[in-house]
Amino acid sequence: MEEIAGMVPYAATAELLSLLLFARANLAWRSAGMSRHPLAMLWIRAIVALGLLLLATVIMGYDLPGFQRSWLQLLPAVMLGMYGGLGLLLFAISLNRLPAQLVFFGGSIHLVFGTALGHLALGEEISPLAWGIIALLFACQMFIVWQDRKTWSSLKPWHRIFPFLVGLIWGTYYPLYGYLQRDYGVWDTLVLTEYGVFIMLSVAFLSQIRSQLIGLRSIENVRLMSFQALFSILGQGFTALCISWGGVVLHSILTNFSSLINVTAFRYRFKEKFDFRYLYFFLVYGLLMGLLTLFS
C-alpha cells in the first residue's frame, strides 16, 4: 500500500487532467446537431475514437488488442465497453437536454457505488481520512440535491431518472474497469472497451438509421465529433492512469470535482445560471483533496 500511497499525487494529477479534457469534450453534446441527430453524432464519435486508438496502437508498435487473444478472453472487456457505451448515450442526451448541474445529480450514486465496489470487490483499503472525506462529500451532495429538488421535479418523468441512471452506470463501470485493467493492462483495456462502445453506439444508430442517416452528411457534425472523440479518449486515458496509480476508490472521490468543472464550462459557454452553492462546496472539496493527497 505504500507504493500506491506514493502514487496518489500522480493519480490526482491524472484525474484532474482527465476532468478538464472531458469538460471540453462534453460541450459538444449541447450542439444543434446533437439535438437533431443524436445517434448519428454518437456514431461518428465512436468511429473516430476507435480509429484514433487503433492508429495510436500501430504507431506505438503494439499488437492490436483482439488479434492476440481468443474471443472468449476479449468478451468481458468488450461487454464492459458496451455497458459504458450505454452510459455515454444517456449522458450525452442528458447534457443536451437538461441543465448541466442536474446532469451531475448522480455524482452521489457514483461515489457510493465506486467506493463500495472498490473497497469490497477489489480489496482497496480506505483510510479514516478518506472515509471522512467520502462521508462529507456525500452529505454535501445530498444537500445540493435537496436544494435543487424543485428544478429536478419540473423535468419530464423519464428525464428525472437520467442523472441517477448515469451515476449508477459510471459508479459500477469504473470499478469493473479497474478490475479488468489488472489483467489486460492499461492500453489494452482502453482499446478493448472502446470496441464495446463502438458496438453499442452502432446498434443504437442502426436501429434508427432512417431518421439519423442525414446527420452523417454534415461536415460540421464530423468536425465537432472528431474533436469530441480526441478530447474524450485522452480523458479516458488519464482516468485509466488514475485508476492504475491510485485505485478505484481514489478515482471515485476525485471524479466528484467534475461537477464544478463542467457546470463552470457550461456556464461560460452557454450562459447557464451558475449556482454559487456549487462553488462553495467544491472550494471545500479542493481543500479536502489537498489533505487526502498530502496524508495518503
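The coordinates are above.
Residues numbered from 1 in each chain as written. Predicted model: local features only at pLDDT ≥ 70, side-chain atom pairs only at ≥ 80, totals over all residues. Heavy atoms only, no water.

(A) The arrangement of the overall build of the chain in detail. Secondary structure assignment for the chain yields 16 helices and 0 strands. Counting every position in the chain, which comprises 296 residues, the buried fraction comes to 51%. Within the chain, contacts between residues at least 6 apart in sequence are counted, and of these 86% link residues at least 24 apart. (Helix = DSSP H or I, 4+ residues; strand = E, 2+ residues; numbered from the N terminus. Buried < 20%, exposed > 50% of the residue type's maximum accessible area, 1.4 Å probe, protein only. Contact = heavy atoms within 4.5 Å.)

(B) Looking closely at empty space enclosed by the protein. Counting across every chain of the model gives 2 cavities of 30 Å³ or more. Taken as a whole, the largest cavity encloses approximately 600 Å³ of empty space. Every residue lining the largest cavity is counted, 37 residues in all, and those nearest its centre are Phe22, Phe91, Trp170, Tyr174 and Gln236. Breaking the lining of the largest cavity down by element, the ones donating at least two residues are helix H2 (8-26), helix H5 (71-97), helix H7 (107-120), helix H10 (157-184), helix H11 (186-207), helix H13 (219-246) and helix H15 (258-270). (1 Å grid on protein atoms, 1.4 Å probe; cavity = no way out; pocket = protein on both sides within 12 Å on 5 of 7 lines; lining within 4 Å. Points joined across faces, edges and corners; volume = space filled by probe spheres on them.)

(C) Here's a closer look at the packing of aromatic side chains. This model, assessed by the stated rule, comprises 8 aromatic pairs. Aromatic pair Trp170 and Tyr173: ring centres 5.9 Å apart, planes at 70°, arrangement edge-to-face. Of this pair, Trp170 and Tyr173 both sit in helix H10, 3 residues apart, roughly one helical turn. Pair check on accessibility: Trp170 and Tyr173 agree, each one buried. With centroids separated by 6.1 Å and ring planes inclined at 45°, the aromatic side chains of Trp170 and Tyr174 adopt a geometry described as tilted. One end of the pair is Trp170 and the other is Tyr174, both in helix H10 and 4 residues apart, which spans about a single turn. In this pair, the class of Trp170 matches that of Tyr174, namely buried. Here a set of aromatic residues connected by ring pairs shows up, and it is made of Trp170, Tyr173, Tyr174 and Tyr177. (Phe/Tyr/Trp six-rings, centres within 6.5 Å; stacked < 30°, edge-to-face > 60°.)

(D) Looking closely at the nonpolar core. Within the largest apolar cluster, 53 residues are counted, with the highest numbers of intra-cluster contacts made by Trp29, Leu42 and Trp170. With 11 residues, the single largest contributor to this core is H5. Excluding its chain neighbours within four sequence positions, the residues that come into contact with Trp170 are Gly84, Gly87, Leu88, Phe91, His110 and Pro175. Residues Ile133, Ile134, Val249 and Ile253 belong to the second largest nonpolar core, which totals 8 residues. (Core = buried A, V, L, I, M, F, W, Y, C linked by side-chain atoms within 4.5 Å.)

(E) Fine view of the side chain of Thr115. Relative to the elements of secondary structure, Thr115 occurs in helix H7. Other than its neighbours up to four places away in sequence, Thr115 contacts His110, Ile126, Trp131, Ile134, Val249 and Ser252.

(F) The pattern of salt bridges, seen in detail. Using the criterion set out here, one finds 2 salt bridges in the structure. Salt-bridge contacts for Glu194 lead to Arg45; the nearest nitrogen and oxygen are separated by 2.8 Å. Taken together, the residues Glu194 in helix H11 and Arg45 in helix H4 (residues 38-59) connect sequence positions 149 residues apart. Both residues of the pair, Glu194 and Arg45, count as buried. Glu220 is the salt-bridge partner of Arg223, the closest N and O atoms lying 2.6 Å from each other. A residue pair is termed a helical-turn pair when its members lie 3 or 4 positions apart in one helix, as Arg223 and Glu220 do in helix H13 at 3 residues. Relative accessible area serves as the criterion here: at 40%, Arg223 is assigned to the partly exposed category. (Salt bridge = Lys/Arg side-chain N within 4 Å of Asp/Glu carboxyl O.)

(G) Here's a closer look at the environment of Phe198. Position of Phe198 relative to the elements: it lies in helix H11. In this structure, the C-alpha to C-alpha distance between Phe198 and Trp43, residues 155 residues apart in sequence, is 7.4 Å. Sequence-distant contacts of Phe198, that is, excluding residues within four places in its chain, are made with Trp43, Ala46, Ile47 and Leu50.

(H) Structural view of the layout of surface pockets. Quantified by volume, the second largest pocket comes out at close to 240 Å³. What lines the second largest pocket is Leu52, Leu53, Ala56, Val186, Trp187, Leu190, Leu230, Ile233, Leu234, Gly237, Phe238 and Leu241. Residues of the lining of the second largest pocket, tallied by class, amount to 11 nonpolar, 1 polar and no charged. (Nonpolar A, V, L, I, M, F, W, Y, C, P; charged D, E, K, R; others polar.)

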